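Observations on chain architecture
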Amino acid sequence: MDLCSAGLQWVATSAEVFEAGGFQGFRWSDSDDRQHSILHEPSEAPIMDVGTQVALYYDQCHPSRWSLARPRRTNGATLIGSILTGIGLLSVVAGFALMAF
């Protein structure tokens, strides 16, 4: 099974802060020793000292998607199931309340 289709694409790594053309960016190697680097505007991430090592999370399928915070995994089916369960429980309570009146 492909990691991208399984939803297991976010990977934690250590990245180095670098500077180019007035912008800062992060540079890291993936598990296949491919080098990745991405520039960002100062408003997108905190300004850090060049050469600093930071914990970075990136999408293994799309390395241009990254985050300095651990990504939250949300499952759409679980979310929809929770909403429908809540609606069902409210309907049961409302039904009993209407029968009591």
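Please read all numbers here as calculations on a predicted model, not as lab measurements.

Conventions used here
- Residues numbered from 1 in each chain as written.
- Predicted model: local features only at pLDDT ≥ 70, side-chain atom pairs only at ≥ 80, totals over all residues.
- Heavy atoms only, no water.
- Helix = DSSP H or I, 4+ residues; strand = E, 2+ residues; numbered from the N terminus.
- Buried < 20%, exposed > 50% of the residue type's maximum accessible area, 1.4 Å probe, protein only.
- Pairing = 2+ DSSP bridges.
- Salt bridge = Lys/Arg side-chain N within 4 Å of Asp/Glu carboxyl O.
- Phe/Tyr/Trp six-rings, centres within 6.5 Å; stacked < 30°, edge-to-face > 60°.
- Lys NZ or Arg CZ within 6 Å of the ring centre and 35° of its normal.

**Brief notes about unusual backbone geometry**
- Phi at Asp-33 is positive, roughly 60°, even though this residue is not glycine.
- As for its placement among the helices and strands, Asp-33 is situated in the loop between strand E2 (23-29) and strand E3 (35-40).
- Assessed through its relative accessible area of 64%, Asp-33 is described here as exposed.

**Considerations on the pairing of strand E1 (residues 10-20)**
- Pairing of E1 with strand E4 (residues 53-59) involves 7 bridges; the strand directions are antiparallel. If you follow Ala-12 over to E4, its bridge partner there is Tyr-57.
- In this structure, E1 lies alongside E2, joined through 5 bridges in antiparallel fashion. Looking across to E2, one finds that Ala-20 is bridged to Phe-23.

**Remarks on the environment of Gln-60**
- Along the chain, Gln-60 falls in the loop between E4 and strand E5 (66-67).
- Assessed through its relative accessible area of 29%, Gln-60 is described here as partly exposed.

**Quick notes on the pattern of salt bridges**
- Scanning the entire structure with this criterion turns up 3 salt bridges.
- One continuous salt-bridge network, built from bridges that share partners, spans Asp-30, Asp-32 and Arg-34.

**Considerations on the packing of aromatic side chains**
- Scanning the entire structure with this criterion turns up 2 aromatic pairs.
- Ring centres of Phe-26 and Trp-66 lie 5.2 Å apart, and the angle between their planes is 65°; on these two criteria the pair is classed as edge-to-face. One end of the pair, Phe-26, is in strand E2; the other, Trp-66, is in strand E5, and 40 residues separate them in sequence.
- Judged by centre distance (5.3 Å) and plane angle (40°), the ring pair of Trp-28 and Tyr-58 falls under tilted. Residue Trp-28 is found in strand E2, and its partner Tyr-58 is found in strand E4; the two are separated by 30 residues along the sequence. One exposure class covers both Trp-28 and Tyr-58, and it is buried.
- Above the plane of the ring of Phe-18 lies Arg-27, whose end atom (NZ or CZ) is 4.1 Å from the centre.

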